[in-house]
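# Analysis of the macromolecular model
For reference, the chains in residue letters:
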Amino acid sequence: MGQKKKILCLIAVLLIVIKGFHILQVLGDNEDEVLNDTLESYGEQLDAYSKVIEYQDYIKEVDISKTVEREHTIQAGDYIGSEGMDIKKYTDYSGMKGVSILTEESGMIEYEVEISKDGFFNISFLYYPVEGKSAAIQRSIFIDGQLPYSELSIVEFPRIWVNEQSEFEADNQNNEMKPTQVKAPEWITSYCYDINGYVTEPLGVFLTKGKHIITIVSQRESMLIREIKLSAYKQAKSYDEVCTENNVLGRTDTFGQFVEIQAETANRKSSQMLYPTQDQSSPAVTPYNVKELRNNTIGGTNWRFVGQWLEWDFEIPESGYYYITLHAKQNFVKGIYTSRKITIDGEVPFSELNDYGFAYKQDWRMETLSDEQGVPFRIYLEAGKHT
């Protein structure tokens, strides 16, 4: 069957591990506004966050079925007050049109939003990870002076890291060396996620019709914000639903195409710890040299923290269905699987890839993404560049 279909073979050599994805001028009038609560009062709530309900209990108490089509976009420059930080304004920063606001690594900033209809909203930020101490950015989010649930006490916003050089350097023994990781900041849109990974979907809040106050408390690192968006998160459809839609559109198989991606050449990473590594356990792990070390894998125990991601750019020569196969090894923990969220062009293709599990096995294996019965997923891709 595999010979009759196109194969997108991620010769990925991903050493998968546990608990992964389950990737100036101060504005004038605003700083004189009176805040609804003080920074100290928010700190007291954060100190007692363990007593606040968890997200799964929160969504049982609100009507999450009330999703709305209208988005509410809050411009960063429209803040109504701040405390404990010097707010700075940037215009058209790094190619992003409009006013952006630099929030410091401590302090708080508040926004007001008018909600037109009761509904369940997901919160996303358009932000730029400015220079800092190299750690992930952390913020706490309050609604109307209250922490809705404990998961919003710490929300992380990643930086982007890349290899300093596109080619691997070798030492005087011709062994390839670990490439230096450097920050490569760019504008990022990110939802709020559970830092512990127990909730894999973006976090949301229920807001009634009328005015609400959103308070953002800095916990770590500075962050440049362009806008905050409240929107209805689109749940990924099931694989069967996607297949039905593709059949209606007349999408068909093509033959003879093969795309290979070497995982150690990942284009972007969320952590400086996700650097290429070396494996000599099998000649099947390429590139391979019996005498000299080669960078030929990525991941391993460095890829064990919730929220870490890797990203690859690739090009599809012809539109059609593809299988995705990974050359992988998960030998970290017995008895359970480790999981990753798999996205293409920033979206999960279907719900089964939202929390895809990799079972324990001691050896390297070629694993084609498949359903619980072992039937490979056929993934439709248009010709052109993808991530």
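Residues numbered from 1 in each chain as written. Predicted model: local features only at pLDDT ≥ 70, side-chain atom pairs only at ≥ 80, totals over all residues. Heavy atoms only, no water.

Once that is clear, we can look at the overall build of the protein chain. For the protein chain, the count of helices and strands is 3 helices and 27 strands. When the backbone C-alpha atoms are referred to their principal axes, the protein chain occupies close to 65 × 55 × 40 Å. Burial analysis of the protein chain (387 residues in total) assigns 48% to the buried set. When the accessible surface of the protein chain is split by element, carbon and sulfur atoms take 47% of a total near 19,200 Å². (Helix = DSSP H or I, 4+ residues; strand = E, 2+ residues; numbered from the N terminus. Buried < 20%, exposed > 50% of the residue type's maximum accessible area, 1.4 Å probe, protein only. Areas by Shrake-Rupley, 256 points an atom, 1.4 Å probe, with all protein chains shown as cover.)

As enumerated under the stated definition, the model contains 13 salt bridges in all. One salt bridge in this structure joins lysine 133 and glutamate 105, with 2.7 Å as the shortest N-O distance. With lysine 133 in the loop between β7 (119–128) and β8 (137–143) and glutamate 105 in the loop between β5 (99–103) and β6 (107–115), the pair connects residues that are 28 residues apart, well separated along the chain. On the basis of relative accessible area, lysine 133 is assigned to the exposed category, the value being 61%. By relative accessible area, which is 36% here, glutamate 105 ends up partly exposed. A salt bridge links glutamate 227 to lysine 229, with the shortest nitrogen-to-oxygen separation between them at 3.7 Å. Using a relative accessible area of 23% as the deciding quantity, one classes lysine 229 as partly exposed. Taken together, the shared-partner salt bridges in this structure form one network comprising Glu71, Glu227 and Lys229. (Salt bridge = Lys/Arg side-chain N within 4 Å of Asp/Glu carboxyl O.)

By way of backbone hydrogen bonds, the strands of a sheet pair with one another, either parallel or antiparallel. Read from one edge of the open sheet, 5 strands run β3-β6-β14-β8-β9, paired in antiparallel fashion. A single partner strand is all that each edge strand has here, and the edge strands are β3 (81–83) and β9 (155–157). Averaged over all neighbouring strand pairs, the angle between strand axes comes to 30°, with direction disregarded. Of the strand pairs in this sheet, β6 and strand β14 (residues 210–220) are connected by 9 bridges, and their pairing is antiparallel. Directly across from tyrosine 111, in β14, lies its bridge partner isoleucine 214. (Pairing = 2+ DSSP bridges. Axes fitted to C-alpha atoms, helices over the stretch in contact; angles between N-to-C directions.)

Among the residues making up helix α1 (residues 39–47), those that are buried are Ser41, Tyr42, Gln45 and Leu46. Along the axis of α1, the buried residues cluster in a sector spanning 145°; they form a single face. In α1, the exposed positions angled more than 90 degrees off the buried face are occupied by Glu40 and Asp47. (Arc of directions from axis to C-beta.)

Looking now at the confidence of the model for the protein chain. Residues of the protein chain with pLDDT of at least 70 account for 91%, and the chain-wide mean is 88. In this model, residues 1–34 is a region of pLDDT below 50 whose contacts with residues beyond four sequence positions or in other chains number 151 contacts. (pLDDT = per-residue confidence, 0-100. Contact = heavy atoms within 4.5 Å.)

Time to look at the side chain of lysine 269. Along the polypeptide, lysine 269 turns up in strand β17 (residues 268–269). One buried charged residue, lysine 269, remains without a salt bridge, the closest side chain of opposite sign being glutamate 264 at 10 Å. Looking at lysine 269, its side chain comes within polar contact range of the side chain of asparagine 163, at 3.2 Å. Lysine 269 has contacts with Arg159, Ile160, Trp161, Val162, Asn163, Gln181, Leu274, Tyr275, Pro276, Ile298, Trp309 and Leu310, leaving out every residue within four places of it along the chain. (Lys, Arg positive; Asp, Glu negative; His and termini not counted. Polar contact = N/O pair within 3.5 Å; in protein donor to acceptor, adjacent residues only side chain to side chain.)

What describes a pair of aromatic rings is the distance from one ring centre to the other and the angle between the planes of the rings. Scanning all chains against the criterion turns up 14 aromatic pairs. Judged by centre distance (6.5 Å) and plane angle (25°), the ring pair of tyrosine 55 and tyrosine 58 falls under stacked. You can see tyrosine 55 and its partner tyrosine 58 sitting in helix α2 (residues 55–61), 3 residues apart, about one turn around the helix. Judged by its relative accessible area of 11%, tyrosine 58 is buried. Summarising the aromatic geometry, the rings of tyrosine 55 and tyrosine 149 are spaced 4.8 Å apart at their centres and angled 65° between planes, so their arrangement reads as edge-to-face. With tyrosine 55 in helix α2 and tyrosine 149 in the loop between β8 and β9, the pair connects residues that are 94 residues apart, well separated along the chain. For tyrosine 55, a relative accessible area of 6% puts it in the buried group. By relative accessible area, tyrosine 149 is classed as buried at 0%. Taken together, the ring pairs in this structure connect Tyr90, Tyr93, Tyr128 and Trp187 into an aromatic cluster. (Phe/Tyr/Trp six-rings, centres within 6.5 Å; stacked < 30°, edge-to-face > 60°.)

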